[in-house]
Amino acid sequence: MQTHILGFPSIGSRRELKFALENFWAGKATLSDLEKTAENLKLESFRTQSDAGLSYVTAGDFSLYDRMLDTMFMLGLVPRRYTFGDMTKAEMYFAMARGDALRNLAALPMKKWFNTNYHYIVPEPDITFRQEPDFSKLTSDVSLAVEHGYAPKAVLIGPATFLALSNPVWIKNRWELMDELAEIYCAAIKQLPAECKFIQIDEPILCTELEKEAWLSFIPTHRKIKDAASDRKLMLTTYFGDPLLNMTPIYESGYDVIHLDITCIRHDMKDIISELPAHMSVSAGVVNGRNIWKTDTGRAKGLLDMLERRLGGERVMCASSCSLLHCPVDIRNENRLEGTLKNSMAFAVQKCRETAALPSHMAGASGTAVQYTAAKTEIATDRSPYSVRRKIQEETLCLPPLPTTTIGSFPQTQHIRSLRSRFKSGEISGETYESGIKKEIYDNIQRQIKLGLDVLVHGEPERNDMAEYFGENLEGFCFLENGWVQSYGSRCVKPPVIHGDVRRVKPITLKWIKYAASLTEKPVKAILTGPVTIAKWSFMREDIPQEAVWEQIALALRGEALELEQAGIPIIQIDEPAFVEAMPLGIEMHEHYFNDAVRCFRLVTSVLKDSTQVHTHMCYSEFDRIMPHIKRLDADVISIEAGRSEMGVLESFRRSGYKSGIGAGLYDIHSSRIPTATELSGKIDRILKYIPAEQVWINPDCGLKTRGWGETLSALQNMVTAAVLMRGRLKKKNEKAIG
Ligand code: GLN
Ligand code: ZN
């Protein structure tokens, strides 16, 4: 049985790529220094795969910044504005990735790669502007493997996925380009070195509901590519979901192999393979490429054996579920983990070995899956309906119309970060740290009073990261020392690991929020990160169902919320920025997902008194399809990212008859531009055309932690000025109406 992985992390086990990129950008290293580091990393990845005993090494997956960006060059689809005559290819590449201040070019936007935390650069194909396709990167990577004596498998992002994820600003119908792309893919494949006998075309878009045009163009496009591959083996790769909706185009493509992400397949594999055309093999992605645990070899081997019995050994391949890009590189760099815990983990290097060894593993019993009887705690029912709560809250909170607030965090200055790192390294005492953080909270409250905001926050100075901070203060989490995973370009994150039952053993945020509340007469809003977001931004345990972990986190947060309420905190916000991002790809799973996600949110909030106002925040701006679930959260106020199509968002809320408070992000915190008061009052005016004034809240579109203080204060001041102005107008209008 042949074995392979879908891709290896580019970043390096010691984040070599990150440092090489940063040195290059800072002018401390030349392009050829950077390319040398890249070549070493590619060779290291080939060596790891070959030493592990895999049948192929994957080539073409390495990227200096991002594979979608690489694909734009391969296809000759570099947007016109990045192609100044005097720019070198490297200058264009990094201008698209990060912007070019000298030439006044903004970077292309980024988006999350399906439901992962990896960000890709969003292509902007243009029907009227084309460059020469450029296959040099692909060819040279594959040739590098050949030169060093490895058996390469070439990897390309498929045309349907590329187009589906692109932003059609310059083109009416993206699928018009399919024919042309097919030709370019054919040309790319034809000039691969003859030694390359296996080609992987990634089409994860097959795990979603395809647009009709994509469906129609898929088969002819891929048939052409298949012809161009002639005697090379061609694999169509799906991952992160179940492609069951799209089996027809898969079977009709003529490809030799279909790769399935077994960690996401909900249907019986026997049914899937019973329809498999005789020419097609299955690559079974049994080694989870998105998590850090060792594979349950008994279970994986059981599946491989079943496939082998039905299809024969030559028609089955053993593989990682997706690219290993989404897990850290090497467990051997973890020196602080407790022995048994470390022993239960496998990172990319170890997963290569697992994949290679699985076929010869003795069939055996499946691992130690804990029998989990989900507690399924009931949602409390004593909270009154919104209309009743609203009156009570109006009396206790006494807020003006169009109340102003922020999303929670204030600038995380260098001073705060150094305070935290000195505390963690033991350089300063717990008391010094605590008084340092309190000083920040004190200043934050004074600033907000001066600005005239209505609902204040403590500013989250104690939080390194909104998910990690909660992990650090709950039982059941552990932290890796070098478990870096690429988030985009040179940026890496080190997600917390949920390895045991989650429990709250001490208050998490209570001390800081109580202190903030003691400094002002105005209402202070406590901010908690919600269960789905904490789980989504961590590595999850696999021995119990995901919703059981959510429930444990929810119950821990409920304890915190109740104590905050007892301490007299009148408003509690549960942030769920990952509420939509954590959604499974397959639409048939959405209902189930949202039921669990909503239930866990309400486990936290449903025990609170009517007088406690529940807020939620989501960094999201396309609510149309999920409106029923948003309503079921039963929050008193939701703040959202209005995005560029702000009116579209409000229209979703209006149309669905949403009755509670809405804070449509008034300005974009990702930009350093300071919006004027006139501009903002204009925006409020437009919001009021969609949403009755009683429902409108005024706030920025997300937390302010990445901004500087100067811009933050100016922008917030303009926001408050705009709100006050609009309040005045509303009052006049009402008086007129009455008079
Ligand atoms: N409360 C968080 C903050 O203000 C929310 C961040 C987010 O939505 N990503 O930073
Ligand atoms: Zn946000």
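Residues numbered from 1 in each chain as written. Chains lettered and ligands numbered in written order. Predicted model: local features only at pLDDT ≥ 70, side-chain atom pairs only at ≥ 80, totals over all residues. Heavy atoms only, no water.

Visitor: Mind laying out the packing of helix 16 (residues 430-451) against helix 25 (residues 709-738), listing which residues take part and the relevant values?
Guide: At a minimum axis distance of 10 Å, the contact between helix 16 and helix 25 shows a crossing angle of 35 degrees. Seen along the crossing, helix 16 lies across helix 25 with a hand that is right-handed. Residue-level contacts link Asn-444, Arg-447, Lys-450 and Leu-451 of helix 16 to Trp-709, Leu-713, Leu-716, Gln-717 and Val-720 of helix 25. Partitioning the contact of helix 16 with helix 25 into residue classes produces five nonpolar, two polar and two charged. (Axes fitted to C-alpha atoms, helices over the stretch in contact; angles between N-to-C directions. Helix = DSSP H or I, 4+ residues; strand = E, 2+ residues; numbered from the N terminus. Left-handed = near helix turned anticlockwise from the far one by under 90°. Contact = heavy atoms within 4.5 Å. Nonpolar A, V, L, I, M, F, W, Y, C, P; charged D, E, K, R; others polar.)

Visitor: Residue-level account of the site of ligand 1, with values.
Guide: Neighbouring ligand 1 are the residues Ile-407, Gly-408, Ser-409, Glu-460, Met-466, Ile-527, Asp-575, Pro-577, His-617, Cys-619, Cys-702 and Gly-703. Here a nitrogen atom of ligand 1 sits 3.2 Å away from a polar atom, N or O, in the main chain of Ile-407. In isolation ligand 1 offers 290 Å² of accessible surface; the protein chains occlude 91% of this area. Of the residues that constitute the shell around ligand 1, the class distribution is six nonpolar, four polar and two charged. (Near = heavy atom within 4 Å. Polar contact = N/O pair within 3.5 Å; in protein donor to acceptor, adjacent residues only side chain to side chain. Areas by Shrake-Rupley, 256 points an atom, 1.4 Å probe, with all protein chains shown as cover.)

Visitor: So, the coordination of the zinc ion (ligand 2): which residues are in play, and what are the values?
Guide: Distances from the zinc ion (ligand 2) to its protein donors, His-617 (NE2), Cys-619 (SG) and Cys-702 (SG), fall at 2.0 to 2.2 Å. Metal-centred angles of 86 to 124 degrees between the four donor atoms at the zinc ion (ligand 2) mark the site as tetrahedral. Each donor residue of the zinc ion (ligand 2) belongs to the same chain, and together they define the spacing H-x1-C-x82-C. (Donors = N, O, S within 2.8 Å, 3.2 Å for Na, K, Ca; no water. Tetrahedral: all angles 85-135°; square planar, octahedral: opposite > 155°, others 65-115°.)

Visitor: Account for the sheet that holds strand 6 (residues 198-202), naming residues and giving values.
Guide: Across the sheet, eight strands lie side by side as 1-10-9-8-7-6-5-2; this open sheet has parallel pairing. Whereas interior strands pair on both sides, the edge strands pair on one side only; in this sheet they are strand 1 (2-4) and strand 2 (57-59). When the angles between neighbouring strand axes are averaged without regard to direction, this sheet yields 25 degrees. With five bridges connecting them, strand 5 (residues 152-157) and strand 6 associate as parallel partners. Paired with Leu-156 across the strands is Ile-201, a residue of strand 6. The strands touched by helix 5 (residues 136-147) within the sheet are strand 2 and strand 5, with strand 5 carrying the most contacts at an inclination of about 160 degrees. (Pairing = 2+ DSSP bridges.)

Interpretation note: all reported values are geometric properties and have no functional meaning in isolation.
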